[in-house]
Amino acid sequence: MKAWNRRLILCAAGLGLPWAVAAAELPKVDLARAAEISAGRCALCHGADGDSSSPLYPRLAGQHHQYIAKQLGDFQSGRRKSDTMNGMSQDLTPDEMLALGVYFEQKPTKPREARDAELAAVGRFIFHRGNEFSGVAACSGCHGDQGHGTDQLPRLAGQVPRYTEAQLKSFNSRERTNDNEIMHSIASKLSELEVKAVALYISTLD
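Residues numbered from 1 in each chain as written. Predicted model: local features only at pLDDT ≥ 70, side-chain atom pairs only at ≥ 80, totals over all residues. Heavy atoms only, no water.

On to the packing of helix α2 (residues 31–46) against helix α5 (residues 94–105). At a minimum axis separation of 8 Å, α2 and α5 run at an interaxial angle of 85°. One way to sum up the angle between α2 and α5 is to call them roughly perpendicular. Across from Leu31, Arg33, Ala34, Ala35, Ile37, Ser38 and Cys42 in α2, the residues of α5 making contact are Glu96, Ala99, Leu100, Val102, Tyr103 and Phe104. Across the contact of α2 with α5, the residue classes tally to 10 nonpolar, one polar and two charged. (Axes fitted to C-alpha atoms, helices over the stretch in contact; angles between N-to-C directions. Helix = DSSP H or I, 4+ residues; strand = E, 2+ residues; numbered from the N terminus. Parallel < 35°, antiparallel > 145°, perpendicular 65-115°, else oblique. Contact = heavy atoms within 4.5 Å. Nonpolar A, V, L, I, M, F, W, Y, C, P; charged D, E, K, R; others polar.)

So, about the pattern of salt bridges. Under the criterion given, the structure shown has 13 salt bridges. For Asp74, the salt bridge is made with Arg79, and the minimal N-O distance between the two is 3.2 Å. Classification of Asp74 by relative accessible area gives buried; the value is 6%. Two residues, Lys169 and Glu192, come together in a salt bridge whose shortest N-O distance is 3.2 Å. With Lys169 in helix α8 (residues 161–173) and Glu192 in helix α10 (residues 192–203), the pair connects residues that are 23 residues apart, well separated along the chain. Of the residues examined, Glu192 reaches a relative accessible area of 45% and is grouped as partly exposed. A single salt-bridge network, built from bridges that share partners, covers Lys70, Asp74, Arg79, Arg176 and Asp179. (Salt bridge = Lys/Arg side-chain N within 4 Å of Asp/Glu carboxyl O. Buried < 20%, exposed > 50% of the residue type's maximum accessible area, 1.4 Å probe, protein only.)

This part is about the nonpolar core. Core analysis: the largest hydrophobic core is formed by 19 residues, its most contacted members being Phe127, Met183, Ile186 and Leu190. Contributions of two or more residues to this core are made by α6 (117–129), α8, α9 (182–189) and α10. With near-sequence residues (within four places) excluded, Ile186 lies in contact with Val136 and Ala137. In terms of nonpolar packing, the next biggest core, distinct from the first, is built from 15 residues, Leu60, Leu72, Met85 and Ala99 among them. (Core = buried A, V, L, I, M, F, W, Y, C linked by side-chain atoms within 4.5 Å.)

If you walk through the whole model with that rule in mind, you get two aromatic pairs. Here Tyr103 and Phe104 contribute two aromatic rings whose centre-to-centre distance is 5.1 Å and whose plane-to-plane angle is 75°, an arrangement assigned as edge-to-face. (Phe/Tyr/Trp six-rings, centres within 6.5 Å; stacked < 30°, edge-to-face > 60°.)

So, on to unusual backbone geometry. A negative phi angle characterises most non-glycine residues, just as the trans form characterises most peptide bonds. The phi dihedral of Arg174 is positive, around 65°, even though this residue is not glycine. Along the chain, the position of Arg174 falls in the loop between α8 and α9. Arg174 gets classed as partly exposed once you look at its relative accessible area, which sits at 45%.

With that out of the way, let us pick up the environment of Arg124. By the secondary structure assignment, Arg124 is in helix α6. For Arg124, a relative accessible area of 49% puts it in the partly exposed group. When the C-alpha atoms of Arg124 and Ala197 are compared, they prove to be 7.8 Å apart, with 73 residues separating the residues in sequence.

As a further point, take the packing of α6 against α10. One way to put it is that α6 packs onto α10 with a least axis distance of 7 Å and a crossing angle of 90°. Classified by the angle their axes make, α6 and α10 are roughly perpendicular. Residues Leu119, Ala120, Val122, Gly123, Arg124, Ile126, Phe127 and His128 of α6 form the contact with α10, whose participating residues are Leu193, Glu194, Lys196, Ala197, Val198, Leu200, Tyr201 and Ile202. Here the residues of the contact of α6 with α10 sort into 11 nonpolar, two polar and three charged.

This is the structure:
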C-alpha cells in the first residue's frame, strides 16, 4: 500500500470518521442573538449572509456549525492566531459561538465560476486523486467528493480561493496548528501550482 494511502486511512480511522455522513438535525439556539452578533461584527468582512465580501476572508455560509463554534473557541483561547478574530471572539459565550455556527450553516451557498478552466482541471485531479508521486492524499478522502466535509472536518465547497490558499500555506509553515495534524503533512507536499489549482477547483463546488 502506498504511503499516502496509509496516511489517508489513518486520518479517517484516527478521527473515527465515516466516509459519508448524513446531515444531522441542527441544535436549537438563539438565532436572533446570532443575527445581532453577525450584523455587528461578522457582516463587514464575511457578508450579511456569510458570503464573504472580500477575497481575503472565508465564506461562512453552509459551513458546519460545530466547525464554526470550534474555530471561534480556538480564536478566543489563542490556539488559532488572528489579530482580528482573537479580539472579535473574546467576549463570546459558548452558546453564542454555537448559535453563530447554526446561523451561518443555514445560509444558502453557491459555487463560483472558474476563470481558468485548465488550472481548475489540475485542481480537480488533485482533489479527487491526489498525487501519488509526491505523496499527496486526495482531498476528497476526508472532505468528501463534493467537498461538504463532516461535523468534524470543514466544508470546502465554494470557499474563497485566496483564503483556501492562505490556509494551506499556514498549515505548511505550521503557523496554523489548531486543527488536524495530517494537514501539515499534506500541505507541505503541495506545489505552488497545486495549491492554486486545488483552491480554484474547490471554489467551483456547490
